[in-house]
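A closer look at the structure
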Amino acid sequence: MAKVMIWDLPLRLFHWLMVATVAIAGITGFVAPAAWLDIHLFAGYALAILLAFRLAWGVLGSYYSRFRSFPLAPRSAFRHLRSLLRNSAAAHTGHNPVGAWMIIAVLFLLLALVLSGLIVLGGQENLGPLGFLVDFQTGWRAAALHEIAAWGLAGAIAVHLLGVFVEARLLRHPVVSAMITGNKLVTRAKAKGQGRSYKARGLTLFTIAALMLLGGGKMLASIPASGWKPVQTPAVYSAECGDCHDAYHPSLRTAASWRGIMSGLSDHYGEDASLDAETAAAMGAFLAANAAETFDTEAAWRMGRIDTKSLRITDTPYWTARHAGIADGVFKLSSVGSKVNCNGCHRDAASGRFADQDIHLPNLSKLPNGSQK
Amino acid sequence: MKIRIIVPLHPKLIIAVLALSLLPIQGSASELRQQIIAGFAQDAKLKNSGFAGFSAGRGQTLFLSKPATGKPDTPSCTTCHSINPAAKGQTRAGKEIAPMAVSKTPERFTDSKKVEKWFRRNCKSVLGRICTALEKGDFVTFMSNQ
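Notes on the structure in this doc start here. (Residues numbered from 1 in each chain as written. Chains lettered and ligands numbered in written order. Predicted model: local features only at pLDDT ≥ 70, side-chain atom pairs only at ≥ 80, totals over all residues. Heavy atoms only, no water.)

Residue and element names in this part refer to chain A. With burial as the criterion, only one face of strand E2 (residues 183–186) is covered, namely that bearing Lys 184 and Val 186; the residues Asn 183 and Leu 185 on the opposite face remain uncovered. For strand E1 (residues 2–5) and E2, the ladder comprises four bridges, and the chain directions are antiparallel. Among the inter-strand pairings, Lys 3 is bridged to a residue of E2, identified as Leu 185. (Buried < 20%, exposed > 50% of the residue type's maximum accessible area, 1.4 Å probe, protein only. Helix = DSSP H or I, 4+ residues; strand = E, 2+ residues; numbered from the N terminus. Pairing = 2+ DSSP bridges.)

Next comes the structure, spelled out in structure tokens:
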């Protein structure tokens, strides 16, 4: 028996970095509030780079990192499972046959998560490298896939941990220390050069993967997003609406709703907000040309296109559901004023994007006592 | 031949020039306000030949009164503007309103279109009718002294 380097350093670093990023992505995806989306995205981009590296390493890494060395014959996987039931499975130098399939499954799930995540980001938030390509409905469907893949990965991680437990505790194969030190006690190493750590090659491949993905992603992200357009807001619109409340992005109501609001200004939610005919006509034209129907954004689909009896944005089911957890006191803070001032928290409200990561909840410690839900 | 222009850049001169350049702006704001008040005076005289000028006191009474004859959510001017003309107000939608007092907000009552728009809207919201020229003149006179 001899101590031999089985898992090269780049592979071990990949494994533990992936553990960290998946943990961050999992926590920010399942538990943390929507405003933490930028951390989730950061973890997702990091995962994309790690994945690209791992795929390349599966071809160019050391022997046991290469996909060609994976024992993927179905028969050996069944044999391994059978021997596990008899509590007598042999130690494998590299991956065991079930573990190898596990890795393939995890890599596919991660790939699905990264891709579906980018599609959601592009379709629903009109952001990221696929913002120019994906429409809202596609992003909506990808969100379901993203969630399924996330639960699939959670399950796969559970099975993986169970496998590690069985190997390490029941069969007493030191697989955990092997993933830390890289070394296993083996009778013979299969490939030459297995003792080398492959540091330089790993660093080079990782750098290439990072540069290519970040550069390419940035380039794609700079293409204007489909479904969202910059709007030239006339000064008169910002001034007239903005005297009393946030001057809403025109994509937040349909053209018909805007017509209703503009024709009812003499009793505008309990106040006379009437305008002279010329001003009203200019604002009406701007609203009609940029109403919800002309936008393919999350805000335009989930609130803008939903007409309400009161004509209010805040009466749409989506608005109500998304703001249900926010204490009344938050809306009454002087920096917000009331529920109708989107820009109190949505720093990108003027653009009509309402991206999750641009939500900036005011300092909650300023809340008067008892107003927190 | 060389032409030399000598400009004596004495600090006191610079201050004097800056102060002079500010004067016309100061003057025009109060001038514009006086013009608006003069317009109200003309209308008030047309309606009542016995019109004897505006009164800041009447303006204050109007501002602090609670007529509650307009829309239910706005029983008085002070609902939104707060009871102190020098303090900031808040719209019902929660947006800040600059103080009404001219000493705090010098550009108040200098744009006649804006003045007419807000009197039209707010008199209807608070009083349930349009304001008379006398009321408007009293109101602006009161706020100009604040």
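Across all of its chains, the model carries ten salt bridges over all chains by this definition. Linking Asp 272 of chain A and Lys 124 of chain B is a salt bridge whose minimum nitrogen-to-oxygen distance equals 3.9 Å. One end of the pair, Asp 272 of chain A, is in the loop between helix H9 (255–263) and helix H10 (277–289); the other, Lys 124 of chain B, is in helix H4 (residues 112–126), on a second chain. Judged by its relative accessible area of 3%, Asp 272 of chain A falls in the buried class. Owing to a relative accessible area of 35%, Lys 124 of chain B belongs among the partly exposed residues under this scheme. Overlapping salt bridges bring together Glu 240 of chain A together with Lys 117 and Arg 121 of chain B as one network. (Salt bridge = Lys/Arg side-chain N within 4 Å of Asp/Glu carboxyl O.)

What follows covers the packing of aromatic side chains. Residue and element names in this part refer to chain A. Applying the stated criterion across every chain, the model contains 17 aromatic pairs over all chains. Between Phe 136 and Trp 140, the aromatic rings sit 5.9 Å apart at their centres with planes inclined by 20 degrees, giving stacked as the arrangement. Here Phe 136 pairs with Trp 140, and both are found in helix H5 (residues 136–170), just four residues apart, close to one helical turn. For Phe 136, a relative accessible area of 3% gives the class buried. (Phe/Tyr/Trp six-rings, centres within 6.5 Å; stacked < 30°, edge-to-face > 60°.)

Let us look at the packing of helix H2 (residues 37–60) of chain A against helix H7 (residues 199–221) of chain A. Residues and elements named next belong to chain A. Contact pair H2 / H7: the axes reach a minimum separation of 9 Å and the direction vectors enclose 135 degrees. Considering the angle they form, H2 stands oblique to H7. Remark: the crossing between H2 and H7 carries right-handed chirality. The residues of H7 that touch H2, namely those facing Ala 48, Ile 49, Leu 50, Ala 52, Phe 53, Ala 56, Trp 57 and Leu 60, are Arg 201, Gly 202, Leu 205, Phe 206, Ala 209, Ala 210, Leu 213 and Leu 214. Among the residues making up the contact of H2 with H7, the classes are represented as 14 nonpolar, one polar and one charged. (Axes fitted to C-alpha atoms, helices over the stretch in contact; angles between N-to-C directions. Parallel < 35°, antiparallel > 145°, perpendicular 65-115°, else oblique. Left-handed = near helix turned anticlockwise from the far one by under 90°. Contact = heavy atoms within 4.5 Å. Nonpolar A, V, L, I, M, F, W, Y, C, P; charged D, E, K, R; others polar.)

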